[in-house]
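Coordinate analysis (summary)
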Amino acid sequence: MTTYLFTAGTAPLAASAGPAMLRVDQPVHVNVRAAWFAATVTSVARTRVGVTFHPTPGMPLGGVVAPWAVRAAAGIRLRPVRQLRAGDEVVAGDGAVHLVAAAWPGRGGWWIVGYDGGQRSAVPGNAVLRLVEPTPTVTCNGVAI
């Protein structure tokens, strides 16, 4: 079974943050050519979302994107596919969370990501994935609670 980590251009708005759920100055992630980039919402319209990208080499400083390419950044971190580790929890384009079993280089610059359920995904070597931000362990006097 194949797991899709990115949304297609025709993804329904229900699968994305949707313009009604976005607000100005909200931290978001924007999907650009199979990689997620950190950005901040600058404007929200029905069919476009204005964003300012955080300083990233090779990225424009701002622009407008389709709503389906935007996801809220709360509780999510970005990591290049080359830095994935077993145990990382990847958030797919549809919001499903998959536990990484292993990631290894494939042919032609692509990477293969294997999941604990036996599924695999082939992703470009320059892909940046969204991962669940681990919740820090709460302790009281050095004992986890």
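Every chain is numbered on its own, with residues counted from 1 as its sequence reads. Owing to the predicted nature of the model, reporting of local features is limited to residues with pLDDT of at least 70; listing and counting of side-chain atom pairs is limited to 80 or more, with chain, interface and lining totals taken over all residues. The basis for every side-chain value is the complete set of non-hydrogen atoms in the structure, without hydrogens or water.

**So, the pairing of strand β11 (residues 128–132)**
Here is the rule: Only protein chains enter the area calculation, which uses a 1.4 Å probe; residues under 20% of their type maximum are buried, those over 50% are exposed, and those in between are partly exposed. The secondary structure listing takes helices from DSSP runs of H or I that are at least 4 residues long and strands from runs of E that are at least 2 residues long, numbered from the N terminus. When DSSP locates at least two bridges between a pair of strands, those strands are taken to pair.
Counting buried positions over the five residues of β11 gives four, a clear majority of the element. As paired elements, strand β6 (residues 76–80) and β11 share five bridges and run antiparallel to each other. Bridging from a neighbouring strand, Leu78 pairs with Arg130 of β11.

**With respect to the side chain of Gln26**
Note the following rule: Distance and chemistry together define a polar contact, namely a pair of N or O atoms within 3.5 Å, with one atom able to donate a hydrogen and the other to accept it when in protein, and with adjacent residues in sequence counting only for side-chain atoms on both sides. Two residues qualify as a contact provided that any one of their heavy atoms is within 4.5 Å of a heavy atom in the partner residue.
Relative to the helices and strands, Gln26 resides in the segment before β1 (27–32). At 3.0 Å, the side chain of Gln26 forms a polar contact with the backbone nitrogen of Arg23. With residues up to four places along the chain from it excluded, the contact list for Gln26 reads Met21, Ala39, Thr40, Val41 and Ala72.

**Quick notes on the confidence of the model for the protein**
Note the threshold: The predictor reports its confidence for every residue as pLDDT, a score running from 0 up to 100.
Confidence along the protein averages 83 in pLDDT terms, with 83% of residues attaining 70 or more. This stretch, residues 6–15, has a pLDDT under 50; its non-local contacts, to residues over four places away or in other chains, come to 22 contacts.

**Quick notes on the pattern of salt bridges**
To be explicit about the condition: Salt-bridge detection follows one rule: a side-chain nitrogen of Lys or Arg within 4 Å of a carboxyl oxygen of Asp or Glu.
Across all of its chains, the model carries two salt bridges by this definition. With a closest N to O distance of 3.9 Å, Arg77 and Asp88 form a salt bridge. One end of the pair, Arg77, is in strand β6; the other, Asp88, is in the loop between β6 and β7 (89–91), and 11 residues separate them in sequence. Assigned by exposure class, Arg77 and Asp88 land together as buried. One connected set of salt bridges, linked through shared partners, spans Arg77, Arg79 and Asp88.

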